Structures are given as structure tokens and as C-alpha cells.
Amino acid sequence: MISLDNIRLAVIGLGYVGLPLAIEFGKRRPVVGFDINPIRISQLRAGVDTTLEVVPSEIKCASKLKFSTEVEDLQSCNCFIVTVPTPIDQHKQPDLSPLLKASQVVGQLLKPGDIVIYESTVYPGCTEDDCVPVLEKFSGLKFNVDFFCGYSPERINPGDKEHRITTIKKVTSGSTPLAAGLVDSLYKQIITAGTHQASSIRVAEAAKVIENTQRDVNIALINELALIFNRMGIDTQSVLEAAGSKWNFLPFRPGLVGGHCIGVDPYYLTHKAESIGYHPQIILAGRRLNDSMGNYVVTQLVKALTQRRIHVRGARVLVMGFTFKENCPDLRNTRVVDIVRELAEFNMVADVFDPWVVAQEAMHEYEIKPVQQPDHGVYDAIILAVAHHQFQAMGEVAIRAFGKPEHVLYDLKYILSMSESDIRL
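Predicted model, so just to flag it, every value in this text is computed and none were measured. (Residues numbered from 1 in each chain as written. Predicted model: local features only at pLDDT ≥ 70, side-chain atom pairs only at ≥ 80, totals over all residues. Heavy atoms only, no water.)

A. Layout of the sheet that holds strand β12 (residues 403–411). Taken in spatial order, the 5 strands make up an open sheet running β10-β9-β11-β12-β13, and their pairing is parallel. In the strand order of this sheet, the two ends are held by β10 (349–353) and β13 (423–424), each with one partner. Summarising the sheet, strand β9 (residues 316–320) and strand β11 (residues 379–384) pair through 4 bridges and their orientation is parallel. Looking at β11, one finds that Val319 is bridged to Ile383. Each of β9, β10 and β11 is contacted by helix α12 (residues 336–345), which is oriented at about 175 degrees to β9, the strand it contacts most. Strands β9, β10, β11 and β12 of the sheet are contacted by helix α14 (residues 389–400), whose axis makes an angle of about 145 degrees with β12. (Pairing = 2+ DSSP bridges. Helix = DSSP H or I, 4+ residues; strand = E, 2+ residues; numbered from the N terminus. Contact = heavy atoms within 4.5 Å. Axes fitted to C-alpha atoms, helices over the stretch in contact; angles between N-to-C directions.)

The following block contains the structure:
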């Protein structure tokens with residue numbers, strides 16, 4: 001097996017996870033940052049990161065990092081960190097195609113003694129049961145004899161400038177004790193928060209997938225409480241503030257649950273559970289409830305419009321925010337799209353306004369063209385869907401200025417106070 005001193009590193013996939021990782025390593029050792037998207041590579045070479053996870057000065061500081069789309073540039077590497085997406089398909093089943101394609105590329109490059117480390121979120125057993133056979137097939141080498149594997153789940157939080165890759169404790173693991181030690185030592189070179197060496201790859205995989213499953217279930221509980229309190233005429237935020245006065249009350253809030261992690265990872269775990277004969281109850285119930293929140297929001301809006309005698313058919317609605325979370329341009333698995341599509345089902349016309357969104361990406365992913373700047377005084381309803389700091393800074397008067405004299409303001413994110421909005425989740 002290779003040693004820590006002679007590692008020649010490659011990071012496969014330069015998205016929200018791979019780029020910050022490649023940059024941190026690139027400050028300390030030679031790294032090839034590989035991505036199949038030539039536009040992405042051209043932008044990074046110019047010092048531009050469209051995900052906004054890193055700034056140009058950080059890219060410049062990674063003086064030992066080389067960006068490439070050429071597989072030939074990976075041939076000299078002996079340690080490969082795979083950070084490609086692991087989405088779900090239209091049937092909410094794991095889509096491993098990016099992971100398996102990356103494994104095929106790496107497999108064709110493997111040499112005796114090399115190590116492959118996966119960071120992509122998967123179900124327990126995926127690395128050894130799904131990825132390793134691909135590595136063996138395309139390399140002609142034998143696992144844990146000729147090459148080795150590790151797993152260190154990503155913990156990137158898009159848009160979070162406080163919790164960065166170096167300040168979040170890293171879980172590490174390896175396919176043999178020696179491999180586990182090497183993987184742990186490698187990450188310790190950049191992770192100032194320290195590492196936690198798991199007892200096996202499967203343990204590390206399971207630890208990652210339950211992190212977001214736990215959050216998903218907790219948010220589902222709060223969403224269900226919001227549905228109950230709304231029927232009772234009780235303000236959910238007021239209830240949560242009162243309950244939160246106790247030290248051990250968990251501070252979750254109701255809302256849309258999207259993104260590349262919380263809205264996806266539970267399906268990886270439930271897929272694996274069902275494959276071994278167990279049919280999850282709580283996890284899938286939470287998923288169903290969270291996935292239904294977009295429809296619930298529009299139903300509540302329709303009721304409010306009807307009560308004010310505002311015609312629903314043809315009503316113009318301004319949806320403020322389209323990313324899956326505040327203050328980042330990430331559109332992956334945004335559930336705001338559920339609101340937009342449900343509004344169309346009621347023959348309402350929705351304008352999406354989001355200063356963080358790249359318009360071409362919204363069109364490519366969802367066939368939605370955001371407005372550059374909403375008109376004033378033309379909307380029958382306004383939905384505050386994402387708590388971007390720009391929206392928080394506007395205040396009630398500026399936000400309501402987009403609406404007609406008679407309109408409904410629906411605050412999903414508690415940007416405004418209870419008295420300033422017409423409906424809150």
C-alpha cells in the first residue's frame with residue numbers, strides 16, 4: 001500500500017463537496033481536481049466558483065491544485081477521492097449512475113497499492129457491494145490485495161461560511177486497518193476539527209445517511225404540528241418559541257425540505273432496508289409528509305384568497321426565493337418548485353424572484369425562468385419561500401409593495417412578525 005508521504009492525490013468531482021476539499025489539499029500537496037464539465041473547469045481556472053462555496057483568493061491559495069477534464073492527467077495519481085452526486089430518480093430510488101461511472105474511470109487507472117476513497121452519500125454496503133466490483137472489473141486487480149478503499153462522508157453545508165470543511169469533524173474509515181489508518185492520517189492534514197475513525201466502511205456509510213434522516217424526521221414532526229396548530233388557529237412559531245424556552249427542546253422549524261441531503265438521503269436508507277426485507281415506517285411517513293408541504297402551502301393560500309374574494313383563477317403570485325435554502329445558489333432538489341407547479345394546477349400565474357439563482361440553471365433544471373425584478377403593485381399574493389438576507393432586509397412595507405392594494409402575504413420562513421404577515425406556516 002502507498003504511504004502518506006508518497007500520496008499523489010486526485011479529487012473526482014468538483015461540485016459543492018469536491019472543490020472545497022481539493023482546495024484545502026491543494027494548499028499542502030499536489031492535487032489533480034477532475035470534473036467532466038469543461039465549463040466548470042474553465043471557470044475554476046479563471047478563479048470563478050459559481051457555487052459560491054469558495055472565493056477567488058481561496059482558489060489562488062491552492063497553488064498545488066491543477067484543474068482538468070482529461071483522464072490522462074489522473075494516470076500519475078495513486079489516491080482517488082470520489083465526490084460525485086448521489087441523487088434519486090423520478091421513482092425516489094437511489095441513482096448510482098454518477099458514482100458507478102466515476103468508479104469505472106478510476107478503475108481503469110488503478111495500479112497495485114492504490115487507494116480509492118468515497119465521500120458521496122450512500123446506503124451502508126454501497127462502497128464494497130456496488131463500487132468495488134466496478135473497480136475490480138475495470139482494473140483487473142483484487143480488492144484488499146492489490147488496491148484498497150476508504151469512506152469518509154462529506155459534511156459540507158452549502159452557503160454556511162462558519163462551518164467549513166476544515167472546522168467540521170470528519171468521519172473516516174478504511175477497508176483494512178492499514179487503509180483506515182492511512183485515510184485518517186490523510187484527512188488529519190487538513191481537518192483542524194479532528195477526525196473520528198469508524199470501525200468499518202459500513203459504519204461510516206450508516207453514520208452519514210442517518211444524520212440527515214434524523215433531521216428529516218424531526219422536521220416532519222414539526223411540520224405535522226404546524227398542520228395541527230393551523231387547524232386550531234394557533235401560531236406555530238409562537239408555540240415553538242414558548243417550548244424552546246426549555247433547554248432541551250430541539251429548535252427545528254416547519255417548512256419545505258429539499259436539497260441534496262435531507263430530501264434525498266432517507267430514500268437511500270429506506271431502499272437498503274427494503275432490500276433486506278424491512279419496510280420502514282417512521283422514515284417514509286416523515287418523507288411523505290415533508291414532500292406534501294408544497295401542496296399544503298398552496299391549499300392554504302387558495303383558502304386565504306377565497307376568503308378575501310380574490311379570484312384564484314388567473315391570480316398572479318410572486319414566489320420570493322427558489323433555492324433549497326437561504327443565501328446560496330443551490331437549486332438541487334428545491335421543493336419550492338412544488339409550490340410553483342401546484343399554483344399552475346389552480347391556474348394561477350407564478351413569478352419566481354431569487355437574486356441568488358442563475359437563471360440558465362433554473363431553466364435547465366426546472367424549465368422556470370425567474371424574473372430579474374418584480375413589478376410593483378401587480379400581485380394578488382406574495383409567498384416568502386426562502387429567507388435570503390436580501391428579503392429579510394426589505395421589511396414588510398417593501399415586500400407588500402409588490403402586491404395589489406388587496407393581496408395575501410404568506411410567510412413560510414418567519415421573516416416577518418406574526419402581525420406583519422397574513423399567513424404563516
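Read on, since the account is not over.
B. Focus on the environment of Val82. Following the sequence through the fold, Val82 ends up in strand β4 (residues 79–82). Taking C-alpha positions, Val82 is 9.4 Å from Tyr151, a pair spaced 69 residues apart along the chain. When sequence neighbours within four positions are dropped, the list of residues in contact with Val82 reads Ile12, Leu99, Ala102, Val106, Val116, Ile117, Tyr118, Glu119 and Ser120.

C. Spotlight on the sheet that holds strand β2 (residues 31–34). On the basis of which strands lie adjacent, the open sheet formed by 6 strands has the order β3-β2-β1-β4-β5-β6 and parallel pairing. Across the chains shown, the open sheet's two edge strands, defined by having one partner strand only, are β3 (65–68) and β6 (148–151). Sheet twist, expressed as the mean angle between neighbouring strand axes with direction ignored, is 20 degrees. Alignment of β2 against β3, held across 4 bridges, turns out to be parallel. Looking across to β3, one finds that Phe34 is bridged to Ser68.

D. Here's a closer look at the layout of surface pockets. Of the volumes computed, that of the second largest pocket is approximately 1000 Å³. Forming the walls of the second largest pocket are 35 residues, and the residues nearest its centre are Asn157, Arg215, Ile219, Ile262 and Lys325. In terms of residues, the lining of the second largest pocket owes the most to one element, helix α7 (residues 201–232), which gives 5 residues. (1 Å grid on protein atoms, 1.4 Å probe; cavity = no way out; pocket = protein on both sides within 12 Å on 5 of 7 lines; lining within 4 Å. Points joined across faces, edges and corners; volume = space filled by probe spheres on them.)

E. Broad picture of the environment of Ser97. Checked against the element boundaries, Ser97 lands in helix α4 (residues 97–107). A polar side-chain atom of Ser97 sits 2.6 Å from a polar atom in the side chain of Asp95. (Polar contact = N/O pair within 3.5 Å; in protein donor to acceptor, adjacent residues only side chain to side chain.)

F. Summary view of α4. For α4, the full list of buried residues reads Leu99, Ala102, Ser103, Val106 and Gly107. Axial view of α4: buried residues confined to an arc of 135 degrees, hence all on one face. Among the structural elements, β1 (9–12), β4, β5 (115–118) and α5 (126–139) are those in contact with the buried residues of α4. (Buried < 20%, exposed > 50% of the residue type's maximum accessible area, 1.4 Å probe, protein only. Arc of directions from axis to C-beta.)

G. How the structure looks around the pairing of β6. Burial along β6 is two-sided: the residues Phe148 and Gly150 and Cys149 and Tyr151 are all buried. As paired elements, β5 and β6 share 4 bridges and run parallel to each other. Counted as the bridge partner of Ile115 is Phe148 from β6.

H. Structural view of the packing of aromatic side chains. Tallied over the entire structure, the rule returns 5 aromatic pairs. The interplanar angle of 45 degrees and the centroid separation of 5.7 Å between the aromatic rings of Phe143 and Phe147 together place this pair among those described as tilted. For Lys246, the ring lying beneath its charged end belongs to Trp247, and the centroid distance is 5.4 Å. (Phe/Tyr/Trp six-rings, centres within 6.5 Å; stacked < 30°, edge-to-face > 60°. Lys NZ or Arg CZ within 6 Å of the ring centre and 35° of its normal.)

I. Looking closely at unusual backbone geometry. Its identity is not glycine, yet Leu52 carries a phi of approximately 65 degrees, on the positive side. Along the chain, Leu52 turns up in the loop between α2 (38–45) and α3 (56–61). Within the chain, Asn327 stands out as a residue other than glycine whose phi angle is a positive 60 degrees. Its place among the elements puts Asn327 in the loop between β9 and α12.

J. Expanded view of the pattern of salt bridges. Tallying each qualifying case throughout the model produces 24 salt bridges. Among the salt bridges present, the one from Arg164 reaches Glu58, with a minimum N-O distance of 3.5 Å. With Arg164 in the loop between β6 and β7 (170–172) and Glu58 in helix α3, this residue pair connects regions lying 106 residues apart in the sequence. With its nearest N and O atoms 3.2 Å apart, the salt bridge here joins Lys188 to Asp184. Of the two residues, Lys188 and Asp184 both sit in helix α6 (residues 177–188), 4 residues apart, roughly one turn of that helix. By sharing partners, the salt bridges in this structure join Arg308, Glu396, Arg400, Glu406 and Asp422 into a single network. (Salt bridge = Lys/Arg side-chain N within 4 Å of Asp/Glu carboxyl O.)

Honestly, it's all geometry; don't read function into it.
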